[in-house]
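# Working through the structure, step by step
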Amino acid sequence: MGLLAGTDITIPYTYPGFSLHDELKLFVEAGLSPMQALQTATTNPARMLGLSKTWGCVERGYTASIVLLNADPLADIANTTKIDSVVLNGEVLNRSRLDQLLAEARVDKAQNPPKKP
């Protein structure tokens, strides 16, 4: 089955998405190839959940959200942070829309800071 990425769970001060990039880097530092690290967040979870016939692959008939990058993550896993756009539920979110969403999240976080454990 392999390893699964899992930093996006509800751990205080762990931010979904951002922490995944850190986890992928740690997998590579631990000896996984960049491809194996990427699989911890894509094909491996689909297999573990019994959804590999509909998830975890970019193919006709599969459900997919896609992150389009400006650089090759197989050359350097840190390139996963170089996001150009995202396709989510059939909607393309370009870089300017993603930046707008991040700005809105920062404002909300400033107005509603997380409670300390």
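Report on the accompanying structure. Quick caveat: nothing in here was measured; it's all calculated off a predicted structure.

The next point concerns the environment of L93. Following the sequence through the fold, L93 ends up in strand β3 (residues 91-94). The exposure class assigned to L93 is buried, which follows from its relative accessible area of 9%.

All right, on to unusual backbone geometry then. With the exception of glycine, the majority of residues adopt a negative phi angle, and the majority of peptide bonds are in the trans configuration. The phi dihedral of N89 is positive, around 55°, even though this residue is not glycine. In this structure, N89 sits in the loop between β2 (83-88) and β3. By relative accessible area, N89 is classed as exposed at 74%.

Bringing the side chain of S85 into the picture now. Note that S85 resides in strand β2. Its relative accessible area of 6% is what places S85 among the buried residues. A polar contact of 3.1 Å, which involves the side chain of S85, links it to the side chain of D84. Those residues within four positions of S85 in sequence are excluded, and the remaining contacts are I66, V67, L68, L93, N94 and L98.

Time to look at the environment of C57. Summarising the element assignment, C57 is placed in the loop between α3 (43-48) and β1 (66-69). Since its relative accessible area comes to 26%, C57 is described here as partly exposed. In this structure, the C-alpha to C-alpha distance between C57 and T42, residues 15 residues apart in sequence, is 7.5 Å.

Scoring rules and cut-offs
- Residues numbered from 1 in each chain as written.
- Predicted model: local features only at pLDDT ≥ 70, side-chain atom pairs only at ≥ 80, totals over all residues.
- Heavy atoms only, no water.
- Helix = DSSP H or I, 4+ residues; strand = E, 2+ residues; numbered from the N terminus.
- Buried < 20%, exposed > 50% of the residue type's maximum accessible area, 1.4 Å probe, protein only.
- Polar contact = N/O pair within 3.5 Å; in protein donor to acceptor, adjacent residues only side chain to side chain.
- Contact = heavy atoms within 4.5 Å.

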